[in-house]
Amino acid sequence: MQLIEVTESRLPYQLPEDEVIKLMRHCGKNVKPERKHPDYSDLFYFKFSEDNRSLETSYFIGMDWIKEGDLAISVKPKLGSNVYDVDVLSMLAEALEDPENVNHLDGLLAIDFGRRPLVINRQDDLLSPFLLVLFIQVLKTIVSRGLKNGYHTKTESLRSKIKGKVRVEKNFRINTVKGKLTDQFCKFDEYGVDTLENRLLKKAFLRACTIFERTPMNTEKAALKTTLRQIRAAFSEVSDRVEISNVQTVSVNPVHKEYKEAIKLAKLILRRQGYDNWKNDSEGKSPPFWIDMSKLFELFVFKKLREGFSQSEVTYHFKAHYQELDFIVKKSKDNPPFIVDAKYKPRYKDNSVSKDDARQVAGYSRLERVYQELGVYDYAKNIRCLIIYPFLSTSTDEDKIDYKNAFHEQQSGYVEIYKRGLLLPTIKKS
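Notes on the structure follow.

About the thresholds
- Sequence order as written defines the numbering, with residues in each chain counted from 1.
- Thresholds applied to this predicted model are a pLDDT of at least 70 for local features of residues and 80 or more for the giving and counting of side-chain atom pairs; totals over whole chains, interfaces and linings are not thresholded and use all residues.
- To obtain the side-chain values, all non-hydrogen atoms of the structure were used and water was disregarded.
- In short, DSSP must find at least two bridges between two strands for them to pair.
- Strands are runs of DSSP state E lasting at least 2 residues, helices are runs of H or I lasting at least 4, and numbering of each runs from the N terminus.
- Take a side-chain nitrogen of Lys or Arg and a carboxyl oxygen of Asp or Glu: if they are within 4 Å of each other, that pair is a salt bridge.
- A 1.4 Å probe rolled over the protein chains alone gives each residue an accessible area, and that area as a share of the maximum for its type sets the label: buried under 20%, exposed over 50%, partly exposed in between.
- Two aromatic rings, drawn from Phe, Tyr or Trp (for Trp, its six-membered ring), form a pair once their centres lie within 6.5 Å of each other, and the interplanar angle then sorts them: stacked below 30 degrees, edge-to-face above 60, tilted otherwise.
- Charges are assigned to positions over rings by a cutoff of 6 Å between ring centre and Lys NZ or Arg CZ, combined with an angular limit of 35 degrees from the ring normal.
- A helix is expected to span 1.5 Å multiplied by its residue count minus one.
- Residues enter patches when their relative accessible area tops 30% and they take part in no salt bridge; the joining distance is 9 Å for like charges and 5 Å for the nonpolar side chains Val, Leu, Ile, Met, Phe, Trp and Tyr.
- Surface accessibility follows the Shrake-Rupley procedure with a 1.4 Å probe radius. Residue values consider only the protein chains on display as shielding.
- Charge counting follows a simple rule: Lys and Arg are positive, Asp and Glu are negative, and His as well as the terminal groups are ignored.
- Note that the charge is assigned to NZ on lysines, CZ on arginines, CG on aspartates and CD on glutamates.
- What qualifies as a polar contact is a pair of N or O atoms within 3.5 Å, subject to a donor-acceptor requirement within protein and to the restriction that residues adjacent in sequence count only when both atoms come from side chains.
- Every angle, taken between N-to-C directions, lies between 0 and 180 degrees, and every axis is a line fitted to C-alpha atoms, over only the stretch in contact when it is a helix.
- Any two residues whose heavy atoms approach within 4.5 Å are treated as being in contact.
- Put simply, a nonpolar core is a bunch of buried Ala, Val, Leu, Ile, Met, Phe, Trp, Tyr and Cys residues held in one set by side-chain atoms that sit within 4.5 Å of each other.

Quick word on the sheet that holds strand β11 (residues 150-159)
- Pairing is antiparallel across the open sheet formed by 3 strands, whose spatial order is β11-β13-β12. The sheet is open, and its two borders are formed by β11 and β12 (165-166), each paired with just one other strand.
- Bridge count between β12 and strand β13 (residues 183-192): 2 bridges; the pairing is antiparallel. In the strand pairing of β13, V166 is matched with C186.

Let's talk about the pattern of salt bridges
- The tally for this structure, following the rule as stated, stands at 28 salt bridges.
- A salt bridge links R115 to D112, with the nearest nitrogen and oxygen atoms 3.9 Å apart.
- A salt bridge links K330 to E373; the shortest N-O distance between them is 3.2 Å. You can see K330 sitting in the loop between β19 (327-329) and β20 (338-342) and its partner E373 sitting in helix α11 (residues 368-374), a full 43 residues away along the chain.
- Exposure remark for K330: the relative accessible area of 26% places this residue in the partly exposed category.
- The class of E373 is partly exposed, set by a relative accessible area of 30%.
- It is possible to trace a salt-bridge network through shared partners that takes in E94, E97, K303, K304 and E307.

Brief notes about the packing of aromatic side chains
- Going through the model one piece at a time under the given rule, you end up with 15 aromatic pairs.
- Arranged with centres 6.0 Å apart and planes meeting at 75°, the rings of Y59 and Y344 form a pair that is edge-to-face. Taken together, the residues Y59 in the loop between β5 (54-57) and β6 (60-67) and Y344 in the loop between β20 and α10 (355-364) connect sequence positions 285 residues apart.
- For Y59, a relative accessible area of 25% corresponds to the partly exposed category.
- Ring pairs connect the aromatic residues F309, F338, Y403, F407 and Y418, which therefore count as one cluster.
- Note that K148 overlies the ring of Y259, its terminal NZ or CZ placed 5.7 Å from the centroid.
- Just above the ring of F407 sits the side chain of R384; from NZ or CZ to the centre is 4.4 Å.

Some points on helix α9 (residues 293-308)
- Relative to the 22 Å expected for 16 residues at 1.5 Å per residue, α9 spans 22 Å between its end C-alpha atoms, a close match to the ideal helical length.
- With 13 of 16 residues buried, α9 is to be regarded as a mostly interior element.

What about a positive patch on the surface?
- A cluster of basic residues, K165, R167, K170 and K187, forms a positive patch at the surface.
- As for its position among the elements, K187 is in strand β13.

A word on the side chain of R420
- Structurally, R420 can be placed in strand β23 (residues 417-423).
- Side-chain polar atoms of R420 contact the backbone oxygen of N405, separated by 3.1 Å.

Comments concerning the sheet that holds strand β1 (residues 2-7)
- Taken together, the 5 strands give an open sheet; going across it, the order is β1-β7-β6-β15-β9, and neighbouring strands pair in mixed fashion. The open sheet is flanked by β1 and β9 (109-111), the only strands paired with a single partner. For this sheet, the mean angle separating the axes of adjacent strands, direction not counted, is 20°.
- As paired strands, β9 and strand β15 (residues 289-292) are joined by 3 bridges and run antiparallel to one another. Along β15, the bridge assignment pairs L109 with I291.
- Here helix α3 (residues 127-145) sits on the sheet and contacts β9 and β15; the angle it forms with β9, its principal contact strand, is near 125°.
- Lying over the sheet, α9 contacts β6 and β15, oriented at roughly 40° with respect to β15.

Quick word on the nonpolar core
- Ranked by internal contacts, the top residues of the largest apolar core, which has 84 residues, are F130, F135 and L201.
- With 11 residues, the single largest contributor to this core is α3.
- Here L201 is in contact with F135, L139, I142, F235, Y259, A262, I263 and A266, once residues within four sequence places are set aside.
- One finds Y45, F48, I66 and W290 within the second-largest nonpolar core, a separate group that totals 13 residues.

As structure tokens, this is what we get:
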């Protein structure tokens, strides 16, 4: 398998000649390889130019086939330096420290199990640790709130009593022929935590522990070990016996949103098991997958906003007039309300906000429902707009957002439009 390695969110750039030769050899001159987002026609994971000599990527990282079985593409995060890279796993783990983010994971990760798996180096496996951290953090939220109780069917040999229905044939084989005349083999419903949903989560959790032990992770491993122990203790009264035929039928009440997400991830982990048979210490397989970095940055910003302001002040994805704002922050006793837009655009560290992005937040700030939600009743007054962008640094001075530091960079030529950098977790290059 040949591989083309690039970074995400790059404007069209000229491919090196050796990459062009790979592409021509495997795809031919008249093929225009591209991979579009399955749900949004205007989004793409990658696309090549008409002559296949330049490539453009979007805000997604991952691996996929350009030509299945022959040529693959690996897209890595754009943020980095000669010494540091953005730590995607720490970014995810920190974002999910806020339990509310569990309700906003739609679209973060896409895995295509229906296509041929890619051969990967174990050190390059991002999917396994990403899926692991995601699942463990969601389970952590469930455990902190307590496992859901429910009725589950149980079969057991009871002494000197009958419960539910007696399994006559099985009771004869197990008890009667052995002279245990006071024992009865019964089938009955019992209320507790040993439900089908919790059994599925336990089975996937044990699988996740196996993945954890053999997956290289430069960060988060020590913290995850503690969390794994807490989860294992919480599931101690839950069996991991669940039939494969029952896995797809497991569903959950929409009221338990964290359970819905956990069950979806549990099914992904169990499906991932089929791809995760390493041939040796260095090589394995992975299904094609994509991680939405702009979505991950949104989740990270949301967590930081709820740290800097009260949780009741910050609203994620407020909808008004057929539009969806990233965040709104309501007024507090001494501070005015404002709108926040998370832009996964590192270039804003050294450049002004683009006209399109300025127009977007300005448009949001003029919506009547936004005025009403933020408690601003003077429609002639401008609502503040804050654009938050990511950057990397060894400094920790800009890893928090509050009223004191949010509005230092007003954009020239605009009224009440500001930008603010947010420090992302970093990891030293190996």
